[in-house]
Amino acid sequence: MTSVLRAFAARATGLTISTFARFMTAPRAIWQGIEPVPHQRIYFANHSSNGDFVLLWTALPTPLRRKTRPVAALDYWLKSPLRAFIGREVFNAVLIDRRPEARTEDPVAQMVTALDQGSSLIIFPEGQRNSSDAQLLPFKSGLYHLAKARPGVDLVPVWIANLNRVMPKGEVIPVPLICTLTFGAPLHLAADETKDAFLARATQALLALKAPA
């Protein structure tokens, strides 16, 4: 497939995925304390479904979406040629190898490179899907290292509600439900703030966006 055809196929596939996601979830974006303007950002969200980054990407206005790259698991997205095409060509994902013993690149360095190229990022600080009863799993350190490496980039918490009910674990057919994505005020690493203090603050900023049960 030529590069022109691949680019056309990627755009068409992205439109199809976005349209399907909107049809199934009718995503409602609530910009609370921040506006959807084209600033470079790191969107960090809770992670309860394999569709999380697709929904967040879909909910962004088109100009923001074009410059936003999800950070995703290399082992999942390179599992088949179709997934590889979607991950690389459609979403332009930053693919991270979750196996420390097999890595050839440092994950934080990969994300910093993407930021330096002008991209915004979508990340999930929990590091894996949360299927527990806890509201959030403990955050991994990557968010802190990104905040330290590029302190001028906005860190925007995003609470995704209902998507785990649209696509329950183990199910193949999604259940149509309205999903809400609440975007909070941006965070930045404070001077002399420790890793643990920053991650605790980021965790609370994300939880604060969760609607009362």
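The present account deals with the structure reproduced in this document. Since the model is a prediction, treat every value here as computed from it, not as a measurement.

Some words on the overall build of the chain
On a plain count of helices and strands, the chain comes out with nine helices and seven strands. Out of the 213 residues in the chain, the part that is buried amounts to 46%. Look at the contacts in the chain between residues 6 or more apart in sequence, and 72% of them connect residues 24 or more apart. A total of about 11,400 Å² of accessible surface is found on the chain, and carbon and sulfur atoms cover 57% of it.

Side note on the environment of Gly87
Among the structural elements, Gly87 can be located in helix 5 (residues 81-90). Since its relative accessible area comes to 1%, Gly87 is described here as buried. Separated by 17 residues in the primary sequence, Gly87 and Pro70 place their C-alpha atoms 9.0 Å from one another. Residue contacts for Gly87: discarding those within four places in its chain leaves Trp77, Asn92 and Ala93.

With respect to helix 2 (residues 52-59)
The element helix 2 is largely enclosed, with a buried count of eight among its eight residues. Burial in helix 2 covers these residues: Asp52, Phe53, Val54, Leu55, Leu56, Trp57, Thr58 and Ala59.

Describing the sheet that holds strand 4 (residues 94-96)
Adjacent strands of a sheet pair through backbone hydrogen bonds, lying either parallel or antiparallel. If you walk across this open sheet you meet the seven strands as 1-7-6-2-5-3-4, and the pairing is mixed. If you trace the sheet from one side to the other, it starts and ends with strand 1 (28-31) and strand 4, each paired once. On average, adjacent strands in this sheet sit at an angle of 25° to one another, irrespective of strand direction. In the sheet, strand 3 (residues 68-73) pairs with strand 5 (residues 120-123) via three bridges, with the strands oriented parallel. In the strand pairing of strand 5, Pro70 is matched with Ile122. Relative to the sheet, helix 7 (residues 142-149) contacts strand 2 (41-45), strand 5 and strand 6 (154-161), its axis offset from that of strand 2 by approximately 165°.

Topic: the side chain of Glu193
With respect to the secondary-structure elements, Glu193 resides in the loop between strand 7 (180-183) and helix 9 (195-207). A polar side-chain atom of Glu193 sits 2.8 Å from a polar atom in the side chain of Arg201. Each residue touching Glu193, except ones within four places of it in the same chain, is listed here: Tyr144, His188, Phe198 and Arg201.

Topic: the side chain of Asn130
Summarising the element assignment, Asn130 is placed in the loop between strand 5 and helix 7. Since its relative accessible area comes to 10%, Asn130 is described here as buried. A polar side-chain atom of Asn130 sits 2.9 Å from the main-chain carbonyl oxygen of Ala134. Within polar-contact distance, the side chain of Asn130 engages the backbone oxygen of Gln135 at 3.4 Å. Discounting chain neighbours no more than four positions away, the residues touching Asn130 are His47, Ser48, Gln135, Leu136 and Leu137.

So, the pattern of salt bridges
For the structure shown, the criterion picks out four salt bridges. Arg41 is the partner of Asp154 in a salt bridge, and the nearest nitrogen-oxygen pair spans 3.9 Å. Residue Asp154 is found in strand 6, and its partner Arg41 is found in strand 2; the two are separated by 113 residues along the sequence. The residues Asp154 and Arg41 share a single accessibility class, namely buried.

Cut-offs applied
Throughout this document, residue positions are counted from 1 along each chain, in the order its sequence is written. Thresholds applied to this predicted model are a pLDDT of at least 70 for local features of residues and 80 or more for the giving and counting of side-chain atom pairs; totals over whole chains, interfaces and linings are not thresholded and use all residues. Values reported for side chains reflect all heavy atoms of the structure, with hydrogen atoms and water molecules removed beforehand. By definition, any uninterrupted DSSP run of H or I lasting at least four residues is a helix, any uninterrupted run of E lasting at least two residues is a strand, and each is numbered from the N terminus. Exposure classes here rest on a 1.4 Å probe applied to the protein chains alone. A residue is buried below 20% of its type maximum, exposed above 50%, and partly exposed in between. By definition in these notes, contact holds between two residues if any of their heavy atoms fall within 4.5 Å. Each accessible area is a Shrake-Rupley estimate made with a 1.4 Å probe; only the visible protein chains count as cover when residues are assessed. When DSSP finds at least two bridges between two strands, those strands are taken to pair. An axis is simply a line fitted to the C-alpha atoms; with a helix, the fit covers only the stretch in contact. Between two such axes, the angle follows the N-to-C directions and lies from 0 to 180 degrees. Nitrogen and oxygen atoms within 3.5 Å of one another constitute a polar contact, given that in protein one can donate a hydrogen and the other can accept it, and given that sequence-neighbouring residues count only through two side-chain atoms. Salt bridges are defined by distance alone: a side-chain nitrogen of Lys or Arg within 4 Å of a carboxyl oxygen of Asp or Glu.

Bear in mind that shape data such as this cannot, by itself, settle questions of function.
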